[in-house]
Amino acid sequence: MSGRLSFTMSTLALSGFLHAGGATAQTPVPPVVWAVSASPGTAAKTAGLLTLDLDAQVAEGWHVYGLHQVDGGPSPLRITVDEQGVVQTAGSPTGTVPTRRRDASFGLDTELYLHPFSLHVPVQVKPHTAPGSQQIAVNVRFQACNDHVCLPPKTVRLTVPVQIQSDMP
């Protein structure tokens, strides 16, 4: 009888959990929200330099792994610009310094961001880009974890509008 009682209690608990989840069936708030802007502004000349400023809002209790990870560790943060787009990278990202700590899940020292952070990616407008309104596309691949679970690595695509000005007088 205790086996049956245990099964029934587990079933009721699961049923209550599922029902509670169904009652608030809304899109869950993502643990990381990204935004991108361009500096010094949204106007650039052909072959000119810009910086893509990425801002990440990290929910309380979550973290994002940093750009540099050792082999066998978590998926590192990766920022890439669309190779078919109007810009190309012109250097390495800079920005908020990540926290370095021992990660029990991997048994390794890792770099991670525990709070909102910013990264700055230098880019150059490609030389033969047509003047006018353009979109710069940037992909951010990251892994978010908390103390109980790691979400699978995810890629988000962000865009920022720019006005390309002719370098001709």
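Rules and cut-offs
- Residues numbered from 1 in each chain as written.
- Predicted model: local features only at pLDDT ≥ 70, side-chain atom pairs only at ≥ 80, totals over all residues.
- Heavy atoms only, no water.
- Helix = DSSP H or I, 4+ residues; strand = E, 2+ residues; numbered from the N terminus.
- Buried < 20%, exposed > 50% of the residue type's maximum accessible area, 1.4 Å probe, protein only.
- Contact = heavy atoms within 4.5 Å.
- Areas by Shrake-Rupley, 256 points an atom, 1.4 Å probe, with all protein chains shown as cover.
- Pairing = 2+ DSSP bridges.
- Phe/Tyr/Trp six-rings, centres within 6.5 Å; stacked < 30°, edge-to-face > 60°.
- Core = buried A, V, L, I, M, F, W, Y, C linked by side-chain atoms within 4.5 Å.

(A) Highlighting the overall build of the protein. Each helix and strand in the protein was counted, giving 1 helix and 13 strands. In the protein, the order of α-helices and β-strands from amino to carboxyl end is α-β-β-β-β-β-β-β-β-β-β-β-β-β. The buried share of the protein, taken over its 169 residues, is 32%. Within the protein, residue pairs in contact and separated by at least 24 positions form 71% of the contacts whose partners lie at least 6 positions apart. Taken as a whole, the protein presents about 10,400 Å² of accessible surface, with 57% of it coming from carbon and sulfur.

(B) Representation of the pairing of strand 1 (residues 32-39) in the model. The alternating pattern of strand 1 places V32, W34, V36 and A38 on a buried face and V33, A35, S37 and S39 on a face that is not buried. Sheet topology places strand 1 next to strand 3 (residues 49-58); 8 bridges connect them, and they run antiparallel. Bridged to W34 within strand 3 is A56.

(C) Representation of the packing of aromatic side chains in the model. On inspection of all chains with the given rule, the structure shows 4 aromatic pairs. Centroid distance W34 to F142: 5.5 Å. Interplanar angle 55°. Geometry classified as tilted. Linking W34 in strand 1 with F142 in strand 11 (residues 132-142), this pair joins segments that are 108 residues apart in sequence. Residue classification places F142 among the buried residues on the basis of a relative accessible area of 6%. Aromatic side chains Y113 and F117 sit 3.8 Å apart centroid to centroid with 10° between the ring planes, which places their arrangement in the stacked category. Judged on exposure class, the residue Y113 and its partner F117 are both buried. Each residue in the set W34, Y113, F117 and F142 is aromatic and connected to the rest through ring pairs, giving one cluster.

(D) View of the sheet that holds strand 9 (residues 108-113). Strand order in the open sheet made by the 4 strands is 8-9-4-12, with antiparallel pairing throughout. Of all strands in the sheet, those bounded by a partner on one side alone are strand 8 (99-103) and strand 12 (144-145). Bridging between strand 8 and strand 9 involves 5 bridges; their strand directions are antiparallel. Residue R100 lies in a different strand from strand 9, and its bridge partner there is E111.

(E) Seen up close, the nonpolar core. Ranked by size, the top nonpolar core spans 34 residues in total, and within it W34, L52, L54, L77, F117 and F142 carry the most contacts. Of all the elements in the fold, those that place two or more residues in this core are strand 1, strand 3, strand 5 (78-81), strand 10 (117-125), strand 11 and strand 13 (154-165). Here L52 is in contact with V36, S37, A38, V81, L119, H120, V121, V123, I136, V138 and V160, once residues within four sequence places are set aside.

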